[in-house]
Amino acid sequence: MTGKPDLLMIGSVTDRMMARLTAEFTVHPLFDQPDEARFLADHGAAISAVLTNGHDGLRPDLMAALPNLKIVSSYGVGYDAIDATAAAERGIVVTHTPNVLNDEVANTALLLWFAVSRRLVPNDAYVRAGRWENEGNTPLTHSVQSRMVGIVGLGRIGQAIADRLAVFDSTVLYHARSPKNVSYRYYANLTEMAADSDVLICITPGGPETKHLINKPVIDALGPDGILVNVSRGSVVDETAMVEALKDGRLGGAGLDVFDQEPRVPADLLAMDNVVLQPHVGSATHETRQAMGDLTCDNLSQWLKDGTTVTPVPECQTL
Ligand code: NDP
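The rules behind the values
Residues numbered from 1 in each chain as written. Predicted model: local features only at pLDDT ≥ 70, side-chain atom pairs only at ≥ 80, totals over all residues. Heavy atoms only, no water. Helix = DSSP H or I, 4+ residues; strand = E, 2+ residues; numbered from the N terminus. Buried < 20%, exposed > 50% of the residue type's maximum accessible area, 1.4 Å probe, protein only. Domains from an automatic or database assignment. Contact = heavy atoms within 4.5 Å. Buried area = accessible area lost by both parts, 1.4 Å probe. Salt bridge = Lys/Arg side-chain N within 4 Å of Asp/Glu carboxyl O. Polar contact = N/O pair within 3.5 Å; in protein donor to acceptor, adjacent residues only side chain to side chain. Nonpolar A, V, L, I, M, F, W, Y, C, P; charged D, E, K, R; others polar. Pairing = 2+ DSSP bridges. Axes fitted to C-alpha atoms, helices over the stretch in contact; angles between N-to-C directions.

## A look at unusual backbone geometry
Part 1 of the argument: Residue P263 is reached from E262 by a cis peptide bond, and omega for that bond is 10°.
Part 2 of the argument: If you trace the backbone, P263 turns up in the loop between β11 (253-256) and α12 (267-270).
Part 3 of the argument: Within the chain, N99 stands out as a residue other than glycine whose phi angle is a positive 70°.
Part 4 of the argument: Despite not being glycine, R119 shows a phi value in the positive range, around 55°.
Part 5 of the argument: With respect to the helices and strands, R119 occurs in the loop between α5 (102-117) and α6 (120-128).

## A look at the environment of P263
Part 1 of the argument: Taking relative accessible area as the criterion, P263 reaches 78% and is therefore assigned exposed.
Part 2 of the argument: Here the alpha-carbon distance between P263 and H280, two residues 17 residues apart in the chain, equals 8.5 Å.

## Comments concerning the domain arrangement of the protein chain
Part 1 of the argument: Annotation of the protein chain at the domain level lists domain 1 (6-100 + 287-316) and domain 2 (102-277).
Part 2 of the argument: The centre of domain 1, based on its C-alpha atoms, is set 32 Å off from the matching centre of domain 2.
Part 3 of the argument: Across the boundary between the two partners, domain 1 contributes 10 residues, which contact 8 residues of domain 2.
Part 4 of the argument: Counting each side, the surface lost to burial between domain 1 and domain 2 is near 700 Å², with a carbon and sulfur contribution of 42%.
Part 5 of the argument: Our enumeration of links across domain 1 and domain 2 arrives at 1 salt bridge.
Part 6 of the argument: As a salt-bridge pair, D80 and R233 come within 3.1 Å of each other at their nearest N and O atoms.
Part 7 of the argument: Where domain 1 packs against domain 2, one counts 3 residue pairs in polar contact (both at pLDDT 80 or more).
Part 8 of the argument: Classifying every residue of the side of domain 1 that touches domain 2 gives 3 nonpolar, 6 polar and 1 charged.

## Overview of the sheet that holds strand β12 (residues 275-277)
Part 1 of the argument: Taken together, 7 strands build an open sheet; the order of strands is β8-β7-β6-β9-β10-β11-β12 and the sheet is parallel. The sheet is open, and its two edges are formed by β8 (185-186) and β12, each paired on a single side.
Part 2 of the argument: The strands touched by α5 within the sheet are β6 (148-152), β9 (199-202), β10 (227-230), β11 and β12, with β10 carrying the most contacts at an inclination of about 150°.
Part 3 of the argument: This element, helix α8 (residues 156-165), spans β6, β7 (171-175) and β9 of the sheet and lies at about 170° to β6.

Following this line, the structure appears as structure tokens:
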């Protein structure tokens, strides 16, 4: 008996996080349990805290098996894999890591767009294959300067993307549920915005409300010269419609950090040289993951100290 509260850890954490967690909690890594049902029967009632992440979330049946759960600290900003409304109804506070990853994810979005637009990956392959020497220069690409850029979701990260676009003399357009107090042009109709955009950058939350927000009409409006960048969640884009449009040449290219069934990626995409594919690494740098990890642990430490948290999700802010 250590006297420390019991924490269920879902997914993996950094060594730095683990050192902090074990100093304050008795940590039970879920994925190490050979028999989850047995583990829950033996320890479920003792668990007061869960640490998880945006990908693994917290399954409803797992939350139900933890009758004395008080806090869920998620190592990420997107929490669509956690039912925060159900948690709030049970008095469980859910926390996440807003703001500390804005710059990194914004940089990733631009990196993807630039890579697609300037054909960075195929050009790199061309040089490595010795083709430059034998076959000469590659075809011209399209500039990233002075473009019409539509941001889908002008929240914390969307604004960080817009801030960067000033350097590239972009005209920033945006779509969200409501207009913001900004000078960019707001579109209530996403298809109309796509028609006016050279590039569409998707950075909304995931979940049922935004499922297939980027659908066939939006993709067709973006058109054969348009580029779609998705750094939000795979569910936000109708992936089948996007793949068909890329195959038919109805969409110019795509830069994708997230996928509907990740880590599975549609085979058709793997064969295309006008797409750039990343394994959900929008925030995955040492520096940003450290800041996210610190905030994830700060939420737990502060809750232990006085029952409050640093960054509760909106659904849990009145608890
Ligand atoms: P915010 O909550 O600050 O911003 C979300 C924006 O999306 C708001 O502008 C909101 O509009 C808009 N939005 C929400 N629902 C809809 C809808 N149904 N239709 C249109 N717009 C909508 O979130 P963050 O900027 O902090 O993060 C955004 C998301 O980015 C995360 O939830 C996560 O899914 C993703 N992400 C991905 C990462 C990666 O590794 N690829 C890393 C980090 C985050 P309004 O204000 O009008 O409600």
